[in-house]
Amino acid sequence: MSSYNVAVVGATGAVGNEMIKVLEERNFPVRELTLLASERSLGVEIDFHGKPVPVKVLNEDSFAGMQIGLFSAGGSVSERYAPIAAAAGCVVIDNTSAFRMAPDVPLVVPEVNPEAIAQYRKQGIIANPNCSTIQMVVALKPIHDVARIKRIVVSTYQAVSGTGKKAIKELADQTRALMNFQEVQVQVYPHQIAFNCLPQIDVFLDNGYTKEEMKMVNETKKIFNDQSVAVTATTVRVPVFYGHSESVNIETEKKITADEVRKLLTGAPGVRVVDNPAEKAYPLAINAAGQDDTLVGRIREDESIPNGINMWIVADNIRKGAALNAVQIAEVLIRDYL
């Protein structure tokens, strides 16, 4: 097997840490691993296969000799450095929103549209979708292929790790403060997140939706390669450390029963059905944390319309929602294209 020089941009962040972990766990054929971050991380070392790898400062010369770049350091960093990396011959797999909706950049979930990876040659960049979009389309694409989904209504319950390490610390600090009858410090979010739900993720747009909600709308259509699918979303931040949960309602063109959906998803790649209400078995964020699979349960027919299905979808947002999906893209890339 060939091996590859891999750069991880944003290596000291929550997703960057997980990318390194996933590369190691899946025995990705790394010849040389280069870890890149800002000057604040200079001197940090991260273990990879039992050996410490020093973090280097990201600059315009960082990608000489690199073949694959996993980016997760924020949109502005990707906007600046992804084209530089691509020009140096490094295929960029970008976890930010910087290039997701660019018409000549593929937006890929390997279980859903791996064929789109072939378009990477246009810009040398492949976009990783939003975490909440990834887990939803993994569960819905098998249904869409069989019964064609006309409309999706999704409400999300998203963990603080989606915002990064500072948000994880803020939830822990606020919880500790409240349990000790101390004043809560609010810095990362506009309101207290501990013991609270915030119906705002990212900024509000002119249409009244947030940026996160419109990401789910637009990315789903692009990944499905079907602009006719109607999507509406409400995204909510909840006091959970890891694991996004979603309540999803779909309306299909062709009638499909709840039992048929269970059977369909039981054999679907990347999906694990957890759906036994009699035993109180359904997907939980605490059970999804650290897992590769997207968990689906509470599958039932929507009695308010002829062709409707409700379901509950949970996945580890840092793993499948970011790091794992990026590495899976890289695996298809080296298998079929490099």
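Above this text is the structure in question.
These figures come from a predicted structure and were not determined experimentally. All residue numbers here refer to positions counted from 1 along the written sequence of the relevant chain. Given that this is a predicted model, residues contribute local features only at a pLDDT of at least 70 and side-chain atom pairs are listed and counted only at 80 or more, while totals for whole chains, interfaces and linings are drawn from all residues. As a rule here, side-chain values cover all heavy atoms of the structure and leave hydrogens and water aside.

Caption draft 1: Expanded view of the sheet that holds strand β1 (residues 4-9). The sheet built from seven strands is open, its strands ordered β3-β4-β2-β1-β5-β6-β7 with mixed pairing. Strand pairing shows two members of the sheet lacking a second neighbour, β3 (45-48) and β7 (125-127), which therefore form its edges. In this sheet, neighbouring strand axes are inclined to one another by 25° on average, regardless of whether the strands run parallel or antiparallel. Two strands form a pair only when DSSP identifies at least two bridges running between them. Every helix listed is a DSSP run of H or I at least four residues long, and every strand listed is a run of E at least two residues long, numbered separately from the N terminus. In this sheet, strand β6 (residues 91-94) lies alongside strand β5 (residues 68-71) in parallel orientation, the contact comprising four bridges. Along β6, the bridge assignment pairs I68 with V91. Helix axes use the C-alpha atoms of the stretch in contact, all axes being lines fitted to C-alpha atoms, and the angles between their N-to-C directions lie in the range 0 to 180 degrees.

Caption draft 2: Just the packing of aromatic side chains, in detail. Ring pairs are drawn from Phe, Tyr and Trp, using the six-membered ring of Trp, whenever the two centres fall within 6.5 Å, and their geometry is named by plane angle: stacked under 30 degrees, edge-to-face over 60, tilted for the rest. With the rule as written, the count across this model stands at three aromatic pairs. Between F63 and F71 the ring centres are 5.6 Å apart and the planes differ by 15°, which places this aromatic pair in the stacked class. Burial classification: accessible surface area is computed with a 1.4 Å probe over protein chains only, and a residue below 20% of its type maximum counts as buried, one above 50% as exposed, and the rest as partly exposed. Classification of F63 as buried rests on a relative accessible area of 1%. Where Y157 meets W312, the ring centres are 5.4 Å apart and the plane angle is 50°; that geometry is what we call tilted. Of this pair, Y157 sits in strand β8 (residues 149-158) while W312 sits in strand β13 (residues 308-315); the two residues are 155 residues apart in sequence, bridging distant segments of the chain. A residue is classified by how much of its surface remains accessible, and W312, at 22% relative accessible area, is partly exposed.

Caption draft 3: Up close: the nonpolar core. For this analysis, a nonpolar core means a set of buried residues of the types Ala, Val, Leu, Ile, Met, Phe, Trp, Tyr and Cys, connected via side-chain atoms within 4.5 Å. In terms of nonpolar packing, the biggest core is built from 52 residues, with F63, L140, I152, V248 and M311 touching the most fellow members. Take this core: its biggest share by element is eight residues, from helix α3 (residues 131-147). With residues up to four places along the chain from it excluded, the contact list for M311 reads L140, I143, E246, S247, V248, V261, V296, G297, R298, I299 and R300. Grouped together as the second largest cluster of nonpolar side chains are 39 residues, L23, F28, I93 and A330 included. In what follows, a contact means two residues having at least one pair of non-hydrogen atoms within 4.5 Å.

Caption draft 4: Structural context of the packing of α3 against helix α5 (residues 211-224). Following both chains from N to C, one finds α3 and α5 inclined at 40°, their axes separated by 10 Å at the closest point. Between α3 and α5, the interaxial angle falls into the category oblique. Along this stretch, α3 crosses α5, giving a crossing that reads as right-handed. Residues S132, T133, M136, V137, L140, K141 and H144 of α3 pack against E212, K215, M216, E219, T220, I223 and F224 of α5. Our angle categories are set so that under 35 degrees counts as roughly parallel, over 145 as roughly antiparallel, 65 to 115 as roughly perpendicular, and the remainder as oblique. In this scheme the crossing of two helices becomes right-handed for a clockwise turn of the near helix relative to the far one and left-handed for an anticlockwise turn of less than a right angle.

Caption draft 5: Region of interest: the pattern of salt bridges. We count a salt bridge whenever a side-chain nitrogen from Lys or Arg sits within 4 Å of a carboxyl oxygen from Asp or Glu. As enumerated under the stated definition, the model contains 21 salt bridges in all. Note that D173 is salt-bridged to R176, the shortest N-O span being 3.0 Å. With a gap of three residues between them, D173 and R176 both fall in helix α4 (residues 165-179), about one helical turn apart. Here K255 and E301 are joined by a salt bridge, their closest N and O atoms 3.3 Å apart. You can see K255 sitting in the loop between β10 (244-252) and α6 (258-266) and its partner E301 sitting in strand β12 (residues 294-301), a full 46 residues away along the chain.

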